[in-house]
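Analysis of the macromolecular model
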Amino acid sequence: MARMTGRRALAAVPVLLAVTFAVFAVAAASPFDPVKAYAGTAGLTASQENLDQLRANLGVDRPLVTRWWEWLTAALHGDLGDSSVMRQPVADVITERIGWSALLATTAFLVAILLGTALGVLAGRRRGGPLDRTVSSVAYTLEAAPAFWLGLLAIWFFALKLGALPAGGLTDTASDTVTLDQVAGHLVLPALVLGVSQLPWFYLYVRQGVGDALDEDPVRGARARGLRERTVLLGHALRSGMLPMLTLVGSRVPELITGALLVETVFSWPGIAAATVQAATSVDFPLLAALTVLATAAVLLGNLLSDLLYGLADPRVGFDG
């Protein structure tokens, strides 16, 4: 396990370097002018001399490779630079927001895995039955539904029509303090929407895996020995059926990040979505590079986690092979 983790860590280094350089290259080729974005309305009346001076102060007049190398060497020493659009250090921007994004993504991932596994086991036990047909139809429908559309639908039904849950934000409108109760209440809708958007893949994999496992000889032998159906289902079929699902943990991370950005925007959740959008539209090089590296690292860690979980669940798989 340690050897595989070390190999993955070494392999991640050139990937992260390539990603950061690509971010600077794409941003440099963008038609957006970071100087005008930084100056705002004042840039409309500023002289060319003032704009050139601001361009030099921001460092965007230097060559692409120079800007990338300066950012990279500073980042290796813990300095991610200053965000021109947020007007604060990049590290502070990420620190203030990453916790809320992690809370939303983790909760949604748990919802997707737990609900997808439970429904997949029930449907796989009786493939072709009423429950299987109903849940599978809903799952295929959700596969094609964008996360932002589900979010708008959830706001209309639960917040506007029923008035049961808040429509967005982190706390109540009249409150100026963040409490656990308010955060939990405001987390329900975005976490459910993001979790439901990821649920179909976990459900379909578990359903197929459990259904196939129930037809295998070891499971039939367990039934022939008189073991209870619950023991056969949970102790034998579920373990075999969940092996393919474990590979989804890593592959769904990019979709989870994309969905989280959309859901955070719809529900005004104070995560990194707003910072990512503003960094992209304003060509904020330091912030955009840091957020892209963070997302890439999350994808690499997700892939590593899925391999580790698969190896732990199936002893026949070697970590160092």
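Within every chain, residues take consecutive numbers counted from 1 along the sequence as written. Per-residue local features of the predicted model are confined to residues with pLDDT of at least 70, and side-chain atom pairs are confined, for both listing and counting, to 80 or more; whole-chain, interface and lining totals are unaffected and use all residues. Heavy atoms throughout the structure, all of them, feed into the side-chain values; hydrogens and water do not.

1. Considerations on the packing of aromatic side chains
Between the rings of Phe, Tyr and Trp (Trp by its six-membered ring), a pair exists once the centres lie within 6.5 Å; its type follows the angle of the planes, with under 30 degrees stacked, over 60 edge-to-face, and the other angles tilted. The tally for this structure, following the rule as stated, stands at six aromatic pairs. Measuring from centroid to centroid gives 5.2 Å for phenylalanine 21 and tryptophan 68, while their planes differ by 85°, and the two rings are edge-to-face. Of the two residues, phenylalanine 21 sits in helix α1 (residues 2–29) while tryptophan 68 sits in helix α5 (residues 64–76), which places them 47 residues apart along the sequence. Relative accessible area serves as the criterion here: at 31%, phenylalanine 21 is assigned to the partly exposed category. Between tryptophan 100 and tryptophan 269, the aromatic rings sit 6.3 Å apart at their centres with planes inclined by 90°, giving edge-to-face as the arrangement. Taken together, the positions of tryptophan 100 in helix α6 (residues 90–125) and tryptophan 269 in the loop between α13 (253–266) and α14 (273–281) put the pair 169 residues apart, joining distant regions of the chain. Tryptophan 100 gets classed as partly exposed once you look at its relative accessible area, which sits at 25%. A helix here means a DSSP run of H or I that spans at least four residues, while a strand means a run of E at least two residues long, and both kinds are numbered starting from the N terminus. Throughout, exposure labels follow a simple rule: accessible area from a 1.4 Å probe, protein chains only, divided by the maximum for the residue type, with under 20% read as buried, over 50% as exposed, and the rest as partly exposed.

2. Here's the deal with the pattern of salt bridges
We count a salt bridge whenever a side-chain nitrogen from Lys or Arg sits within 4 Å of a carboxyl oxygen from Asp or Glu. Within this structure, the stated rule accounts for two salt bridges. For glutamate 96, the salt bridge is made with arginine 97, and the minimal N-O distance between the two is 3.4 Å. The exposure class assigned to arginine 97 is buried, which follows from its relative accessible area of 17%. The residue arginine 207 makes a salt bridge to aspartate 132 at a minimum N-O spacing of 2.6 Å.

3. Things to note about unusual backbone geometry
With phi around 50°, serine 268 is a residue other than glycine that occupies positive phi space. The residue serine 268 is located in the loop between α13 and α14 in this model.

4. Observations concerning the side chain of histidine 186
Take histidine 186: it is sitting in helix α9 (residues 180–214). Within the structure, the side chain of histidine 186 is placed 2.8 Å from the backbone oxygen of glutamine 182, a separation counted as a polar contact. Two N or O atoms count as a polar contact when they lie within 3.5 Å, although within protein this holds only if one can serve as hydrogen donor and the other as acceptor, and sequence-adjacent residues are included solely when both atoms are side-chain atoms.

5. Considerations on the confidence of the model for the protein
Mean pLDDT over the protein: 78, with 82% of residues reaching 70 or higher. For the protein, per-element mean pLDDT is lowest for helix α3 (residues 42–45), which scores 61, and highest for helix α8 (residues 147–161), which scores 89. Residue-level confidence of the predictor, termed pLDDT, takes values from 0 up to 100.

6. Description of the nonpolar core
In these notes, a set of buried Ala, Val, Leu, Ile, Met, Phe, Trp, Tyr and Cys residues joined through side-chain atoms within 4.5 Å is what counts as a nonpolar core. Membership of the largest hydrophobic core comes to 36 residues, with the highest contact counts inside it found for Leu104, Leu194, Val210 and Val263. Of all the secondary structure elements, the ones that give two or more residues to this core are α6, α8, α9, α11 (229–246), α12 (248–251) and α13. Tallying contributions element by element places α9 first for this core, with ten residues.

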